[in-house]
Amino acid sequence: MVTPRSYAFADAAELFFFLSGFVAAMVYGRIAGREGAVAATRKIWRRAFVLYGAQLLLFAFVLAEISLAVAATGHAIHQRHFRFDAMLTEPGAALTHAILLRYQPAYLDILPLYVLFLAAFPLVLMGLARNLWLVLVPSAALWPGVQIWAVTLPPYPSGGGWFFNPLAWPFLFVLGAAPGHPPPPGGRRGRKGPRHGPPTRHSGSAAQDARPGRKRSRDASVQLGRWRAGRAGPALGAIQAARG
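All values reported here derive from a predicted model rather than from experimental measurement. (Residues numbered from 1 in each chain as written. Predicted model: local features only at pLDDT ≥ 70, side-chain atom pairs only at ≥ 80, totals over all residues. Heavy atoms only, no water.)

**Considerations on the packing of helix α2 (residues 37-73) against helix α6 (residues 111-119)**
1) Next: Interhelical geometry of α2 versus α6 gives an angle of 165 degrees and a closest axis separation of 9 Å. By the criterion of interaxial angle, the relationship of α2 to α6 is roughly antiparallel. Classified by chirality, the crossing of α6 by α2 is left-handed. Counting all contacts with α2, which are made through Ile44, Trp45, Arg47, Ala48, Leu51, Tyr52, Gln55 and Leu58, the residues of α6 involved are Leu111, Pro112, Tyr114, Val115, Leu118 and Ala119.
2) Next: Looking at the contact of α2 with α6 residue by residue, the class counts come to 12 nonpolar, one polar and one charged. (Axes fitted to C-alpha atoms, helices over the stretch in contact; angles between N-to-C directions. Helix = DSSP H or I, 4+ residues; strand = E, 2+ residues; numbered from the N terminus. Parallel < 35°, antiparallel > 145°, perpendicular 65-115°, else oblique. Left-handed = near helix turned anticlockwise from the far one by under 90°. Contact = heavy atoms within 4.5 Å. Nonpolar A, V, L, I, M, F, W, Y, C, P; charged D, E, K, R; others polar.)

**Focus: the layout of surface pockets**
1) Next: One number sums up the size of the largest pocket: a volume of about 320 Å³.
2) Next: Gly29, Ala32, Gly33, Ala129 and His181 are, among the 17 residues lining the largest pocket, the residues nearest its centre.
3) Next: Residue assignment for the lining of the largest pocket shows that the elements contributing at least two residues are α1 (12-35), α2 and α7 (121-130).
4) Next: Considered class by class, the residues forming the lining of the largest pocket number 12 nonpolar, four polar and one charged.
5) Next: Of the volumes computed, that of the second largest pocket is approximately 270 Å³.
6) Next: Arg83, Ala106, Tyr107, Asp109, Ile110, Phe163, Phe164 and Trp169 together form the lining of the second largest pocket.
7) Next: Tallied by class, the residues present in the lining of the second largest pocket amount to six nonpolar, no polar and two charged. (1 Å grid on protein atoms, 1.4 Å probe; cavity = no way out; pocket = protein on both sides within 12 Å on 5 of 7 lines; lining within 4 Å. Points joined across faces, edges and corners; volume = space filled by probe spheres on them.)

**Notes on the packing of aromatic side chains**
1) Next: Throughout the structure, instances matching the rule amount to 14 aromatic pairs.
2) Next: Centre to centre, the rings of Phe59 and Tyr103 are 5.7 Å apart; their planes meet at 70 degrees, and the pair counts as edge-to-face. In this pair, Phe59 is assigned in helix α2 and Tyr103 in the loop between α5 (91-99) and α6, connecting sequence segments 44 residues apart.
3) Next: Between Phe117 and Phe173 the ring centres are 5.0 Å apart and the planes differ by 40 degrees, which places this aromatic pair in the tilted class. You can see Phe117 sitting in helix α6 and its partner Phe173 sitting in helix α9 (residues 170-180), a full 56 residues away along the chain.
4) Next: Phe117 gets classed as buried once you look at its relative accessible area, which sits at 9%.
5) Next: Residue classification places Phe173 among the buried residues on the basis of a relative accessible area of 3%. (Phe/Tyr/Trp six-rings, centres within 6.5 Å; stacked < 30°, edge-to-face > 60°. Buried < 20%, exposed > 50% of the residue type's maximum accessible area, 1.4 Å probe, protein only.)

Here is the structure:
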């Protein structure tokens, strides 16, 4: 199979998390700037809940497919290949850990990590709104520590760790979120917009005169006054002659 790994240093998973961070910051950053952080957090968690439900539905669908394949062929190779052995030995515990996102069969191990990232994304948004280094530096420092000490979350069944380590991938997610987050209204992050003094009466009147509607109405008033003066001119001349 030809993937980006064949001709680059990144594979599909790296591109997925980088672009996911970019798109999430771009979309929810605008919502936070327009509607507030509370509204953005509510929509982020709603999205995370939808993806959590999708993970559970995919788990049930793949489990049904594997069960049908094993029943039709009589070979258990399918359940071993997709890591569904625990469903036969400990079905109750396996379902419980699947709901907790700890039980991740083959090809069902990327959405749990994305759900965790979205659940914590409101904190990333708040950090990006203040200073992007508040989120870039901790995530960058976490990555080498995970590589050195092999820290991870325990999966189910026990042994090893998550296929996508939740402590090793945040840096790539945040690295995509940093350029995707919209800048503050004042311009670049960390800088304030230009200061303007309080509006004066002359500046206010000039601004009002600059409006197209007011300019047209003023021109119409001037033309109406000239027309009235032209109509009233002969009558005023006749009155003055009578008085003389």
